[in-house]
Amino acid sequence: MDLNWAELIPLIAGIMATGALAGILSGLLGVGGGIVVVPVLFWVFGFIGLPAGLGMQVAVATSLVTVAVTAYSSARAYHKRGSVDIGILKLWAPFMAAGALAGGALAGIVSGRALLALFGTIALLVAWNMARPRTRILATALPAKTGVQPAMAGSVGLISAMMGIGSGTLGVPLLTAFSVPVHRAVGTAAALGLVIGVPASLAMIVAGWDVDRRPPLSLGYVNLVAVALILPLSVACAPLGARLAHALEPVWIKRAFAVFLFVTSNRMLFSAFA
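Residues numbered from 1 in each chain as written. Predicted model: local features only at pLDDT ≥ 70, side-chain atom pairs only at ≥ 80, totals over all residues. Heavy atoms only, no water.

(A) Main features of the side chain of Ser-167. Position of Ser-167 among the secondary structure elements: in the loop between helix H6 (148-163) and helix H7 (168-177). A relative accessible area of 1% means that Ser-167 is categorised as buried. Engagement of the side chain of Ser-167 in a polar contact is seen with the backbone oxygen of Ala-189, the distance being 2.5 Å. Polar contacts involving the side chain of Ser-167 include one to the main-chain amide nitrogen of Gly-193, which spans 3.5 Å. Non-local contacts of Ser-167, meaning those with residues more than four positions away in its chain, are made with Met-96, Val-156, Ser-160, Val-172, Ala-189, Leu-192, Gly-193 and Ile-196. (Helix = DSSP H or I, 4+ residues; strand = E, 2+ residues; numbered from the N terminus. Buried < 20%, exposed > 50% of the residue type's maximum accessible area, 1.4 Å probe, protein only. Polar contact = N/O pair within 3.5 Å; in protein donor to acceptor, adjacent residues only side chain to side chain. Contact = heavy atoms within 4.5 Å.)

Laid out in structure tokens, this is it:
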């Protein structure tokens with residue numbers, strides 16, 4: 001599909017604005033900017049003529065690169081405020097990285113419609129959780145039984161990589177459910193986003209290396225043009241989100257974002273099963 005500048009400029013502006021929003025949300029709510037980036041890129045790639053399945057795989061892979069870099073920026077801001085739990089980070093990181101590597105490999109070989117269905121379903125559950133007035137508490141501390149926390153970390157890594165998101169979307173609710181203070185949960189999840197983004201991105205670069213009909217300037221499934229448009233604003237805005245998180249009570253922002261996720265997840269589920 002050939003696009004003229006009158007059509008390209010709004011698309012470029014939209015992708016850049018998505019990068020800024022992803023960075024702010026990554027720092028503010030710890031949800032990981034990928035949950036905004038993936039649906040927008042899926043829509044953009046569909047607009048320029050990519051099949052839905054391939055568009056979703058490219059969106060997931062491209063988002064994972066932005067997640068890794070944005071997570072590093074956000075984690076540094078939280079670490080300066082003492083909000084990264086080093087003990088959880090050391091225990092979870094290797095198992096989350098293994099799960100992310102497996103998730104990235106799976107995302108590169110399963111159908112794009114399966115990724116759409118997974119993203120839509122998980123996003124719907126996240127929207128429901130965000131709209132809840134109270135944080136659900138399961139226990140007063142993280143499980144001490146051998147193997148439970150590694151299994152939790154590996155599962156978060158696997159699912160997050162297949163969705164193209166950081167660890168915050170699933171990791172923050174999981175940590176707070178076991179009584180980890182919310183700022184510490186958000187900061188730790190931001191650091192773990194780097195652990196997900198790097199191995200999962202590499203897996204999707206390898207998986208998509210020889211795939212036909214990818215957008216121009218793609219490295220495997222990763223589209224370098226979209227990365228270049230998203231990353232500068234995403235990285236610049238992540239510390240702003242972290243500062244806002246310590247200054248504001250983001251309950252209404254969470255509820256507004258829950259509405260956005262509800263609409264987005266339903267549209268993606270419709271695309272998966274239409």
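(B) Highlighting the environment of Met-96. For Met-96, the location among the structural elements is in helix H4 (residues 86-109). Taking the relative accessible area as the measure of exposure, Met-96 reaches 1% and is therefore buried. It is 8.4 Å that separates the C-alpha atoms of Met-96 and Met-152, two residues lying 56 residues apart in sequence. Met-96 has contacts with Ala-153, Gly-154, Val-156, Gly-157, Ser-167, Leu-192, Val-195 and Ile-196, leaving out every residue within four places of it along the chain.

(C) Quick peek at the packing of helix H3 (residues 52-80) against helix H8 (residues 182-207). Interhelical geometry of H3 versus H8 gives an angle of 140° and a closest axis separation of 7 Å. Crossing of H3 over H8 shows left-handed handedness. Class assignment for the residues of the contact of H3 with H8 results in 18 nonpolar, 7 polar and no charged. (Axes fitted to C-alpha atoms, helices over the stretch in contact; angles between N-to-C directions. Left-handed = near helix turned anticlockwise from the far one by under 90°. Nonpolar A, V, L, I, M, F, W, Y, C, P; charged D, E, K, R; others polar.)

(D) Structural detail: the nonpolar core. Grouped together as the largest cluster of nonpolar side chains are 77 residues, with contacts concentrated most on Met-56, Trp-92, Met-96, Phe-119 and Leu-261. Per element, the largest residue contribution to this core is 11 residues, and it comes from H8. Here Met-56 is in contact with Val-38, Phe-42, Gly-112, Leu-115, Leu-116, Phe-119 and Met-268, once residues within four sequence places are set aside. (Core = buried A, V, L, I, M, F, W, Y, C linked by side-chain atoms within 4.5 Å.)

(E) Representation of a positive patch on the surface in the model. A contiguous patch of positive charge on the surface is contributed by Arg-76, Lys-80, Arg-81 and Arg-243. Along the chain, Lys-80 falls in helix H3. Residue class for Lys-80 comes out exposed when judged on its relative accessible area of 69%. (Patch = residues over 30% accessible without salt bridge, like charges linked within 9 Å, V, L, I, M, F, W, Y side chains within 5 Å. Areas by Shrake-Rupley, 256 points an atom, 1.4 Å probe, with all protein chains shown as cover. Salt bridge = Lys/Arg side-chain N within 4 Å of Asp/Glu carboxyl O. Lys, Arg positive; Asp, Glu negative; His and termini not counted. Charge placed at Lys NZ, Arg CZ, Asp CG, Glu CD.)

(F) Highlighting the environment of Ile-9. For Ile-9, the location among the structural elements is in helix H1 (residues 5-28). On the basis of relative accessibility, which here comes to 51%, the residue Ile-9 falls in the exposed class. On a C-alpha basis, the gap between Ile-9 and Thr-70 in space is 24 Å, while along the polypeptide they are 61 residues apart.

(G) Fine view of a nonpolar patch on the surface. Nonpolar side chains collect at one region of the surface, where Trp-209, Leu-217, Leu-219, Leu-224 and Val-225 lie side by side and expose about 480 Å² of accessible area between them. Residue position: Leu-219 is located in strand E1 (residues 218-219).

(H) Representation of unusual backbone geometry in the model. The phi dihedral of Ser-179 falls on the positive side, at around 70°, and the residue is not glycine. Overall, Ser-179 belongs to the partly exposed group, its relative accessible area being 33%. If you check the backbone angles, Arg-213 has positive phi at about 70° while not being a glycine. Within the secondary structure, Arg-213 is located in the loop between H8 and E1.

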